[in-house]
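Read off the chains here:
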Amino acid sequence: MSRLLWRASRRHLTRHPWQLALSVLGVALGVAVAVAVDVAGDSARRAFELASEAVTGRATHRLTAGSAGIDEDLYRRLRVEHGLRSSAPVVEGWVELAGPPRRGLRLLGVDPFAEPPFRSWAIAAEGPGGAELDVGRLLTEPGAVLLSAETAAELGLAPGGTFKLAAEGRRHVVRLGGVVEPAGGPARQAARDLLLADLATAQELLDVAGRLTQIDLIVPPGARGEELLSRLRGLLPAGVGVERSAARTESAEQLTSAFRLNLRALSLLALLCGAFLIYNTMTFAVVQRRPLLGTLRALGTTRRQLFGLVLGEAAAIGGVGSALGLATGVALGDGLVGLVTRTINDLYFVVEVRRLELAPLTLLRGGFMGLGATLLAALPPAAEATATAPRQALARADLEALAHRLVPRATVAGGLAVAGGGVLLALPGETLAASLAAMFALLLGCALLTPIATLGLMRLCGVPAAALAGLLGRMATRGVVAALSRTGPAIAALTMAVSVTVGVDLMVRSFRSTVERWLDYSLPADLYLTLYDTPAGRFAVAGGGLGPETVDAVRRLPGVEGVNTLRHVRLGGSAETATPALAIELDPRARSAFGFARGDPVELWPRFERGELLLVSEPLAYRRRLVPGSLLRLDTPTGELELPVGGVFYDYASEQGLVLLPRGLYARRWNDPTVTAVSVHAAAGVDLDRLAVELRRAVGEDRRVLVRTTRGLREASLEVFDRTFLITGVLRLLAVVVAFVGVLSALMALQLERVRELGVLRACGLTPAQLWRLVTQQTGLMGLAAGLLALPVGLLTAAVLVLVVNRRSFGWSLELAVSPGTLLAAVGLAVGAALLAGLYPAFRMSRISPAEALRDE
Amino acid sequence: MSRRAARRTAALIGALLLLAAGAGCRRADTASGPPALSLDRLLGGAPAAGFARALAPREFRFPADHGPHPAFRTEWWYFTGNLKEPGGRRFGYQLTLFRSALAAAPPARASAWATRDAYMAHLAVTDVAGGRFHAFERFSRGALGLAGARRRHDGGVRAWLEDWSIEGPPFRLRAAEPGVGIDLRLEVVRPPVLQGEAGLSRKGAEPGNASYYYSLTRLPTRGSVTVDGQVLEVAGLSWMDREWSTSALEAGQQGWDWFALQLDDGRDLMYYRLRREEGTTDRHSAGVMVGPGGAARTLAAGDVQLEERGAWRSPATGILYPAGWRLGVPGEELSLAVRPLLAAQEHTGAIRYWEGAVGVAGTARGVPLTGHGYAELAGYGPPRP
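These numbers come from a predicted model, not from an experiment.

1. Section: the overall build of chain A
When its secondary structure is counted, chain A shows 27 helices and 21 strands. For chain A, with 857 residues in total, the buried portion stands at 53%. Pairs at least 24 residues apart make up 85% of the contacts formed inside chain A by residues separated by at least 6 positions.

2. Structural notes on the confidence of the model for chain A
Residues and elements named next belong to chain A. Per-residue confidence for chain A gives a mean pLDDT of 80; residues scoring 70 or more make up 88%. The lowest-confidence element of chain A is helix α13 (residues 390-394), averaging 60 in pLDDT; the highest-confidence one is helix α3 (residues 72-81), averaging 92. Taken together, the stretch residues 124-132 has pLDDT below 50 and engages in 29 contacts with residues farther than four places along the chain or on a different chain. Confidence drops under pLDDT 50 across residues 533-540; counting only partners more than four residues distant or on other chains, this segment forms 21 contacts.

3. Thoughts on the environment of A:Leu774
Residues and elements named next belong to chain A. Looking at the element boundaries, Leu774 is found in helix α25 (residues 768-810). C-beta crowding within 10 Å serves as the criterion here: with 25 such atoms nearby, Leu774 is assigned to the buried category. Separated by 298 residues in the primary sequence, Leu774 and Ala476 have C-alpha atoms spaced 6.3 Å apart. With sequence-adjacent residues up to four places away left out, Leu774 is seen in contact with Leu472, Met475 and Ala476.

4. Overview of the pairing of strand β22 (residues 334-340) of chain B
Residue and element names in this part refer to chain B. Residues Leu334, Leu336, Val338 and Pro340 point to one face of β22 and are all buried, whereas Ser335, Ala337 and Arg339, pointing to the other face, are not buried. Relative to β22, strand β21 (residues 325-329) runs antiparallel, the two sharing 5 bridges. Residue Arg326 lies in a different strand from β22, and its bridge partner there is Ala337. Linking β21 to β22, which pair antiparallel, is a turn of 4 residues; within it Glu333 sits at a positive phi near 50 degrees. Bridging between β22 and strand β24 (residues 352-364) involves 7 bridges; their strand directions are antiparallel. Residue Ser335 lies in a different strand from β24, and its bridge partner there is Thr363.

5. Side note on the packing of helix α16 (residues 484-522) of chain A against α25(A)
Residue and element names in this part refer to chain A. Look at α16 against α25: their axes get within 6 Å of each other, and the N-to-C directions meet at 40 degrees. Judged by the inter-axis angle, α16 sits oblique to α25. When you trace α16 past α25, the crossing you get is right-handed. The class makeup of the residues in the contact of α16 with α25 is 19 nonpolar, 8 polar and no charged.

6. Details of helix α26 (residues 820-847) of chain A
The end-to-end C-alpha separation of α26(A) is 40 Å, in line with the 40 Å expected for 28 residues at 1.5 Å each. Considered for burial, the residues of α26(A) that qualify are A:Thr822, A:Ala826, A:Leu829, A:Ala830, A:Val831, A:Ala833, A:Ala834, A:Ala837, A:Gly838, A:Pro841, A:Ala842 and A:Met845.

7. A word on the pairing of strand β3 (residues 87-97) of chain A
Residue and element names in this part refer to chain A. Where burial is concerned, most of β3 is hidden: 8 out of the 11 residues are buried. Pairing of β3 with strand β10 (residues 214-217), which is carried by 4 bridges, proceeds in the antiparallel orientation. Of the residues in β10, the one forming a bridge with Pro89 is Ile215. In this structure, β3 lies alongside strand β4 (residues 103-110), joined through 8 bridges in antiparallel fashion. Directly across from Trp94, in β4, lies its bridge partner Arg106. Looking at chain direction, β3 and strand β6 (residues 162-167) are connected through 3 bridges and run antiparallel. Paired with Glu96 across the strands is Ala166, a residue of β6.

8. Some details on unusual backbone geometry
Residues and elements named next belong to chain B. Look at the link from Phe62 to Pro63: it is a cis peptide, with omega at 10 degrees. With respect to the secondary-structure elements, Pro63 resides in the loop between α2 (39-45) and β1 (74-84). Between Pro169 and the following residue, Pro170, the backbone shows a cis peptide bond with an omega angle of -15 degrees. Considering the arrangement of structural elements, one finds Pro170 in the loop between β7 (164-168) and β8 (171-177).

9. Describing the nonpolar core
Residues and elements named next belong to chain A. Of all hydrophobic cores here, the largest spans 343 residues; its most connected members are Cys273 and Phe276. Of all the elements, helix α2 (residues 17-56) adds the most residues to this core, at 23 residues. In contact with Phe276, other than residues within four places in its own chain, are Ala447, Ala492, Ala493, Met496 and Ala497.

Quick notes on the rules
Residues numbered from 1 in each chain as written. Chains lettered and ligands numbered in written order. Predicted model: local features only at pLDDT ≥ 70, side-chain atom pairs only at ≥ 80, totals over all residues. Helix = DSSP H or I, 4+ residues; strand = E, 2+ residues; numbered from the N terminus. Buried ≥ 20, exposed ≤ 12 C-beta atoms within 10 Å, placed from the backbone. Contact = placed C-beta atoms within 7 Å. pLDDT = per-residue confidence, 0-100. Pairing = 2+ DSSP bridges. Axes fitted to C-alpha atoms, helices over the stretch in contact; angles between N-to-C directions. Parallel < 35°, antiparallel > 145°, perpendicular 65-115°, else oblique. Left-handed = near helix turned anticlockwise from the far one by under 90°. Nonpolar A, V, L, I, M, F, W, Y, C, P; charged D, E, K, R; others polar. Expected span 1.5 Å × (residues − 1). Core = buried A, V, L, I, M, F, W, Y, C linked by C-beta atoms within 7 Å.

Structure (structure tokens):
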């Protein structure tokens, strides 16, 4: 009996290959997007971990001092005067190979004499070129560096060969002294992106003579270690702190967690689309076969067997779809990883991903999600198939009546889900995960509300459709209502799929328009002179900026009416754990660059300039729960500094957050007179291009400096923004593809099922042309319904993403911008896909003779 | 003794390579790293061009010559001694500091870490009664004040590697590791003994293949030794060797047995036997006999008889070392039995060799005689893997 059942099932599926293929595709796409996002995120994180491990080695702790760096004499004092021998100096920075291909490498400067307890570098005595490694030359020759054998081979370099690289905005020619062969495993991976050099060489390449990035320590566990640490803290000068080596990875993890959660949420939206499509497919497969299922029940098949049959089919579709989805997801992840890395590099820290990380857990999760979502989506139709009495199951009319009876129930359930989601959102101080859960509840609720909305819409469309297309028009709208068991789930699924694309698109546009508006007022000067243009170089080591004489030279230029100076600085901690800060001295005209979320600028600015308070950016305030009046403690080279937070300003440049310090205070407490950016207010009528040339001249030979107009800087900033959101754009595009496939598959299946009905119509005298019109009108109507219903749902999704999720992940206040273009495009997408879906069925129906279509009778 | 210096230079550079190679393991025999380079090739790799060479006898000036001679590629300060605690407990110690130049020209670079000198130091304390041998090694660049050697204002020397230091004369030696250390003051009571031809110690036929070499063979010593965290007052005699050169190795030589013996009759005897690969004594083997008044007489290879008595196999490295000798100087009617105060005095760090305190018993012109000293046995191990 059960073999017979399975054969019936197989026959049905193979007789509807389109339906089968499209439902498998739906699952596969949903899984692929989710897996791709995870794989890309995992790869970026793993690359960072590996790089950290390679740099951290066996160190347990490290001494750091933010961008002030550590005076190298501290290392000598610790070792020579205090006998602290389990220490190793490190100078670390980011350099770029001049290329081609351009490629970033982490420059690690170490002292080979202090290294052995910390890091394992096996230096191949013989390089690939057969040249012998000369350690003496590595130490004594300026610009001698080591690469991993793999990287050297990739770049076509042999030991002894020279190559060009850019570090901190300067170009250098370095010589490959030899190749490193780490012991293997992770270290080997990480070494591929390392440029290893003697500490002296690294200091010179990075232009940080006299300074160390960090001093690594091996502190024994237990009481002895505690004792050592407390002794050590007593020896450290102001501004230098001890942090655990693991803090760096943890911090990087924390920094990017919101970003990755957001990506995952977007990918889950895609999977949700997929799940709706699966639900639609399975429901359709069941209702389509009600006569068959009824016959089987009448022949003695038990409810359990039928239930198992439907779920078995779902499992098969889910399994195949998930497997395809996993494979596609990995391939897609390979493409996405570059985008994810770019975003991370722009927003957080520099990492170079060279290998795709396929965590078994990620793949397992993707597979389970696909299979689970399919089975879950198949549960209601399976339950429905088994719950009905055999005789009822044979009657289509009963089914439709039942479907209509279910509408009020679905409406109530949907209303409850929406209300629940709303309450969850309204609760104050909720976590990001709760907001995402709320968003999914809202979406589900909206999906349940679509049948009633569809009925309403069809009633509305009935009159104009009848007026425009007469009988056929009325048939089209009535057909949608009459076949609610089939059209209801289809329209719900389509609505969800389209609304997700609307939501994500509106979110990105809102974000961009907010940033654009922010850029409009945050760039009040006419010309900008900035040091470096890379995130890695944004925080030059103290003293490494432009000197006061350069600023004076700029101030004295004719045509310059006012000057603002900025000094980017990292406060405490290593590159990943530090707080970014900006020491500023502003012309009163430039104060408008800061818009305050909290605090009154008129009152704040004078107090800020007197050094009585600090200003913090919105993300920092959110992250650290700072409000005006909170005390912020900063470690400076001249001792601890504690000041109240005066106000919170809008800033969309750094997700990590930013502290504003008055320049005078910074110069005094950090002993650093340099700045990293100068902006200039030109006198009226001054030729900005000429002034830019003169600014360049005033700066002299410093090749690190970029001079840009307001427009140039604005464009560059938006370019970074667009690059950052490219990944979101790609995800949106994928959601669009899923939605499109969904509309196509659902409606095509629906029309293909109407063979008999249309055969009757043909037999009654409907011409093939009229049949075309009827089919396309009906699919078009359904597409229109889905597109229209998707608009409010999409707006709701966007509102939640913009006003709640982004705020809770990053602390940014964004303004919701509704673009009519997006809304029109969504409706167009739905209608276009729907019309396209009608083409093949209409074509087929018009080709076969009515007799053939009615042969079933 | 340029063999010794040369070997040390080679070893130092080799150690540098291993350090760089690391693999987190100080012991080369377990390092899964790079193929070893032969010492000869390493030495050949460090070009002598640009360095000064020992071509002719020079005038030594003290204390200035205790200070560094940066024009030469290699130099070392080498202290060994036998000490006794008031209770009679015996200790041997060794503190050596090596400088090896990696390039002839001093660096003209922006970074204070830039250097052309690498430093290596060894500290060993032999606790004879406790049967324990504590040995440590350190490496550093000669930059940033981490390690270096300079002439002091009073003309003496300060040479250091982190917190291990040699200062004098009179010399103060300070070096400590957790639980083990020395802090000693060494009096200079005899003039320096110039080795070889007025301090020019020739090593081969090629001109300049020689070193400048002098010794302070008897330095009354007081201070403290720390063992197992216990600080003990000690007194005894120390021996200092100083040498600088830009020499190259000669083929055919395998290693050496070096003895610095302080006899109870006030005489000091230094002898090194260079062993050739075929097992014979190299004709460049030499020594010196210093009388109680400080008068020195050079000993040629033929003036000394040396026979091995007994052997010891290191459990750590598996190397078989001689563990006792019969040393005779027929011209002085001197016949001595030399034996290690402790068998296990092997350095197993980046460089493997045996260097340890020895006891001496014998006769001089028929009169019984005892003494103490240090022996160094190098070149016994198989080449490094």
